Structure formats: structure tokens, C-alpha cells
Amino acid sequence: LENLQPEIKELAKRLRYEVSVRGKQLGWSEKVFHFTKNMRRIVTELYVRDNCHPFKATLLLWVQIPMWVCVSLALRNCSVGALGSAVQEQFSSGGALWFTDLTTPDSTWILPVSLGLVNLLLVEV
């Protein structure tokens, strides 16, 4: 979308000139209407040509945010014992390396920091 902005500005300038000239010739009283309608059509054609509809940029959010909320709630329910004592016992003895108890907060902050860095890396890449 950002790469199309210079082309859109140039086309808007040209269209504005053409609409004003044509409007004077034909005596249009609503030049803004003709400009807006034609500009919308031109921008849509550019989006189709370059396959970059603005909705595609927000599609990830519509999928990722509900998924993140569901996973967070599932992990919370597992860690506080909402799913039963068997799951709670498995989490309290099922860790690895320095985190042997998955029900206690990470006092070293290694997991939260590493998870944040991996997430930042994925977003930047």
C-alpha cells in the first residue's frame, strides 16, 4: 500500500485537473462527486493490479487476537487447576531444565523475555 501512494497522488493530481477542465466544459456543479467516484475506481483498479487490498493487512489481527485470547485462557485454566487436580499435578512436576514447576512464576524471567524476543523477531521479519 505504501509503494502505491506516490502513484495514487500523481493520479489524483491528474484526475483533479481533468475533472476541473471537464467540469468547466460541461458545467458540472458537483465536481467533487465526479472526482471522488473516479478516484475510488482508479484506486480499486490499482489494488487489484498489485494484489494489495487494505483488508489483507488487517486479516492477521482478526485471526491472531482471538487465537491469543483462547490460548491464554486455556493456559490460565490449566495452571490454576480449573481443569482438575490431575492436570495441576502434571503441571507441578512436568517442567524441564530450570523450570520444574510450571505452576509457579518464572523468577529468572528467561521464558518471558525469550518469548518476547522471539515474538519481536517474528513481527520484524
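So, how was this worked out
Residues numbered from 1 in each chain as written. Predicted model: local features only at pLDDT ≥ 70, side-chain atom pairs only at ≥ 80, totals over all residues. Heavy atoms only, no water. Helix = DSSP H or I, 4+ residues; strand = E, 2+ residues; numbered from the N terminus. Rg over C-alpha atoms; globule rule 2.2 N^0.38 Å. Buried < 20%, exposed > 50% of the residue type's maximum accessible area, 1.4 Å probe, protein only. pLDDT = per-residue confidence, 0-100. Core = buried A, V, L, I, M, F, W, Y, C linked by side-chain atoms within 4.5 Å. Salt bridge = Lys/Arg side-chain N within 4 Å of Asp/Glu carboxyl O. Domains from an automatic or database assignment.

Focus on the overall build of the protein chain
Working step 1: Summing up its helical and strand segments, the protein chain has five helices and zero strands in all.
Working step 2: Counted from the first residue to the last, the protein chain has its helices and strands arranged as α-α-α-α-α.
Working step 3: The C-alpha radius of gyration computed for the protein chain amounts to 27 Å, which surpasses the reference 14 Å derived for 125 residues by more than 25%, pointing to a less compact arrangement than a globule.
Working step 4: Referenced to the eigenvectors of the C-alpha coordinate spread, the extents of the protein chain come out at roughly 85 × 25 × 20 Å.
Working step 5: Going through the 125 residues of the protein chain one by one, you find that 13% of them count as buried.

Structural notes on the confidence of the model for the protein chain
Working step 1: Put simply, the protein chain has an average pLDDT of 81, and 92% of its residues get 70 or more.
Working step 2: When mean pLDDT is taken per element in the protein chain, helix H5 (residues 110-124) scores highest with 89 and helix H4 (residues 85-93) scores lowest with 75.

Describing the nonpolar core
Working step 1: With twelve residues, the main nonpolar core is built from Leu-4, Ile-8, Ala-12, Leu-15, Val-19, Phe-35, Met-39, Ile-42, Val-43, Leu-46, Tyr-47 and Cys-52.
Working step 2: Elements with a minimum of two residues in this core: helix H1 (5-26) and helix H2 (31-50).
Working step 3: Among the elements that take part in this core, H2 stands out by supplying six residues, more than any other.

So, the pattern of salt bridges
Working step 1: In the structure shown here, the tally under the stated rule is three salt bridges.
Working step 2: The partner of Glu-7 in a salt bridge is Arg-49, and the shortest N-O contact between them spans 3.0 Å. Of this pair, Glu-7 sits in helix H1 while Arg-49 sits in helix H2, placing them 42 residues apart in sequence.
Working step 3: On the accessibility criterion, Glu-7 (30% relative accessible area) is partly exposed.
Working step 4: Salt-bridge contacts for Arg-49 lead to Asp-50; the nearest nitrogen and oxygen are separated by 2.9 Å.
Working step 5: Using a relative accessible area of 36% as the deciding quantity, one classes Asp-50 as partly exposed.
Working step 6: Beyond isolated ion pairs, a larger network of salt bridges with shared partners links Glu-7, Arg-49 and Asp-50.

Some thoughts on the domain arrangement of the protein chain
Working step 1: Domain annotation for the protein chain reports domain 1 (3-52) and domain 2 (59-124).
Working step 2: Between domain 1 and domain 2, the C-alpha centre-to-centre distance is 50 Å.

Comments concerning unusual backbone geometry
Working step 1: One non-glycine residue, Asn-51, lies in positive phi territory at about 55°.
Working step 2: The residue Asn-51 is located in the loop between H2 and helix H3 (54-79) in this model.
Working step 3: Here Trp-109, not a glycine, exhibits a phi torsion of approximately 65°, which is positive.

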